[in-house]
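Architecture and fold: a report
The chain contents come next:
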Amino acid sequence: LNIGQSSSGFAKKPIIIVVVGMAGSGKTTFLHRLVCHTKASNIRGYVMNLDPAVMTLPFGANIDIRDTVRYKEVMKQFNLGPNGGILTSLNLFSTKFDEVISMIERRADELDYVLVDTPGQIEIFTWSASGAIITEAFASTFPTVIAYVVDTPRSESPATFMSNMLYACSILYKTRLPLVLAFNKTDVAQHEFALEWMKDFGVFHAALDSDHSYTSTLTRSLSLALEDFYKNLRSVGVSAVTGAGMDAFFKAVEASAEEYMETY
Ligand code: GDP
Ligand code: MG
């Protein structure tokens, strides 16, 4: 018997949850909510902040990029703007990431999850060498799941919904890791419309018909192309503000991690 051990030799725990999403989708607030939920439910979490430019965090981070890299100093030293400063900070941090992995490995027995916040601007993490280095370092050592946070009220028009889904899809391509869509801000807008659109493109097409602001032919074809993508991910509705959907989120993460361990 190898309880807690997958056939591929991965230790079952901790599961790494990397939180990504468009700027303003609510990543940091969501992470804070995850931290509160783990504390209240006796789940053992470890928190990592990878945003070098964040001023104040609503949660205490066990590992914080800001302890190692001073983003303002990096900007000055390399004569960079804000985005270049964040990217270079992340590059500098990624060169030491083996130490971060070892630190988590040493604590693996005491941890269920590692919760990871990423920089506000999504592409800095998802389209950079250092983002790839960090994700791969996680994924080669622990079961790793990407939580893609969606701003639900801002995705109510079919066109913005589609561009958000295409972005999520590109992240799947890039990371090849299981993806959980967290439709956030359900306290403002329920996410059922999104589930409908993903399940039944007829409903999505009907919604497009009333969306005169957009040339809908491309969106129509894309919705057909994304059918397989939709089938292979898990979606949950959450509210980082009220805490709704937390149990469903963790269930989706567990199921994705199981799948990950069977596949890799
Ligand atoms: P990030 O840039 O993705 O880290 O987003 P933040 O966590 O900084 O949140 C962006 C804005 O969305 C803030 O004003 C939050 O208060 C708000 N926000 C985040 N989550 C929720 C939510 O579940 N419901 C509502 N109503 N607002 C939210
Ligand atoms: Mg943030």
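This report concerns the structure included in the present document. (Residues numbered from 1 in each chain as written. Chains lettered and ligands numbered in written order. Predicted model: local features only at pLDDT ≥ 70, side-chain atom pairs only at ≥ 80, totals over all residues. Heavy atoms only, no water.)

**Points about the overall build of the chain**
Check the secondary structure of the chain and you find 13 helices and seven strands. Expected size for 264 residues packed as a compact globule is a radius of gyration near 18 Å; at 19 Å, the chain falls within 12% of this value. Taken over the C-alpha atoms alone, the chain extends approximately 55 × 55 × 35 Å along its principal axes. Partitioning the contacts of the chain with sequence separation of at least 6, the portion at a separation of at least 24 is 75%. About 12,400 Å² of surface is accessible on the chain, with carbon and sulfur atoms providing 53% of the total. Taking the average place of the 22 positive charges on the side chains of the chain and the average place of its 28 negative ones, the gap between the two points comes to 5 Å. (Helix = DSSP H or I, 4+ residues; strand = E, 2+ residues; numbered from the N terminus. Rg over C-alpha atoms; globule rule 2.2 N^0.38 Å. Contact = heavy atoms within 4.5 Å. Areas by Shrake-Rupley, 256 points an atom, 1.4 Å probe, with all protein chains shown as cover. Lys, Arg positive; Asp, Glu negative; His and termini not counted. Charge placed at Lys NZ, Arg CZ, Asp CG, Glu CD.)

**Observations concerning the nonpolar core**
In this structure, Met 48, Phe 97, Ile 104, Phe 138 and Tyr 148 are the most contacted members of the largest nonpolar core, which totals 57 residues. Ranked by residues supplied to this core, first place goes to helix 8 (residues 158-175) with seven residues. When neighbours within four sequence positions are excluded, Phe 138 is seen to be in contact with Ile 16, Val 18, Met 48, Phe 97, Ile 101, Ile 104, Val 116 and Thr 144. If you look at the next biggest cluster of nonpolar residues, it comprises 27 residues, including Val 47, Ala 147, Val 149 and Ala 240. (Core = buried A, V, L, I, M, F, W, Y, C linked by side-chain atoms within 4.5 Å. Buried < 20%, exposed > 50% of the residue type's maximum accessible area, 1.4 Å probe, protein only.)

**Focus: the packing of aromatic side chains**
The description of an aromatic ring pair rests on the distance of the ring centres and on the angle between the ring planes. Counted under the stated rule, the structure contains ten aromatic pairs. Taking 6.0 Å as the distance between ring centres and 75 degrees as the angle between the ring planes, the aromatic pair formed by Phe 93 and Phe 97 counts as edge-to-face. Taken as a pair, Phe 93 and Phe 97 share a single burial class, namely buried. Ring geometry for Phe 161 versus Trp 197: centroids 5.1 Å apart, planes at 75 degrees, classification edge-to-face. A residue pair is termed long-range when its members are at least 10 positions apart, and Phe 161 in helix 8 and Trp 197 in helix 9 (residues 192-199) qualify at 36 residues. Members of the aromatic cluster, each reached through a chain of ring pairs, are Phe 30, Tyr 113, Phe 249 and Phe 250. (Phe/Tyr/Trp six-rings, centres within 6.5 Å; stacked < 30°, edge-to-face > 60°.)

**So, helix 8**
At 3.6 residues per turn, the α-helix brings residues three or four places apart onto the same side. Between its terminal C-alpha atoms helix 8 stretches 26 Å, which fits the 26 Å expected from 18 residues at 1.5 Å a residue. Among all positions in helix 8, only Pro 158, Ala 159, Phe 161, Met 162, Asn 164, Met 165, Tyr 167, Ala 168, Cys 169, Ser 170 and Ile 171 are buried. One or two residues past the end of helix 8 sits Arg 176, with phi positive at roughly 55 degrees. (Expected span 1.5 Å × (residues − 1).)

**A look at the packing of helix 5 (residues 97-106) against helix 7 (residues 129-139)**
Axis separation between helix 5 and helix 7 bottoms out at 10 Å; the angle between their running directions is 30 degrees. Here helix 7 runs roughly parallel to helix 5, going by the angle between their axes. The handedness of the crossing between helix 5 and helix 7 comes out as right-handed. Contacts between helix 5 and helix 7 involve Phe 97, Ile 101 and Ile 104 from the first element and Ile 134, Ala 137 and Phe 138 from the second. (Axes fitted to C-alpha atoms, helices over the stretch in contact; angles between N-to-C directions. Parallel < 35°, antiparallel > 145°, perpendicular 65-115°, else oblique. Left-handed = near helix turned anticlockwise from the far one by under 90°.)

**Some points on the pattern of salt bridges**
In this structure the tally under the stated criterion is nine salt bridges. The shortest N-O distance in the salt bridge between Lys 76 and Glu 73 comes to 3.9 Å. Taken together, the residues span about one helical turn, with Lys 76 and Glu 73 both in helix 3 (residues 71-78) at a distance of three residues. Taking relative accessible area as the criterion, Lys 76 reaches 64% and is therefore assigned exposed. Between Asp 151 and Lys 185 there is a salt bridge, with its nearest N and O atoms 3.1 Å apart. Residue Asp 151 is located in strand 5 (residues 144-151), and its partner Lys 185 is located in the loop between strand 6 (179-184) and helix 9; the two are separated by 34 residues in the primary sequence. (Salt bridge = Lys/Arg side-chain N within 4 Å of Asp/Glu carboxyl O.)

**Section: the pairing of strand 4 (residues 113-117)**
Counting buried positions along strand 4 yields five of five residues, so the element is predominantly enclosed. Alternating residues of strand 4 divide into Tyr 113, Leu 115 and Asp 117 and Val 114 and Val 116, and every residue in both groups is buried. By the bridge criterion, five bridges tie strand 1 (residues 15-21) to strand 4 in an arrangement that is parallel. The partner of Val 19 across the bridge, within strand 4, is Asp 117. When strand 2 (residues 45-49) meets strand 4, the two strands line up parallel, connected through five bridges. Within strand 4, the residue paired with Gly 45 across the bridge is Tyr 113. (Pairing = 2+ DSSP bridges.)

**Section: unusual backbone geometry**
For Asn 42, which is not a glycine, the phi torsion comes out positive at approximately 60 degrees. Note on placement: Asn 42 falls in the loop between helix 1 (27-40) and strand 2. The phi dihedral of Arg 176 falls on the positive side, at around 55 degrees, and the residue is not glycine. Structurally, the position occupied by Arg 176 is in the loop between helix 8 and strand 6.

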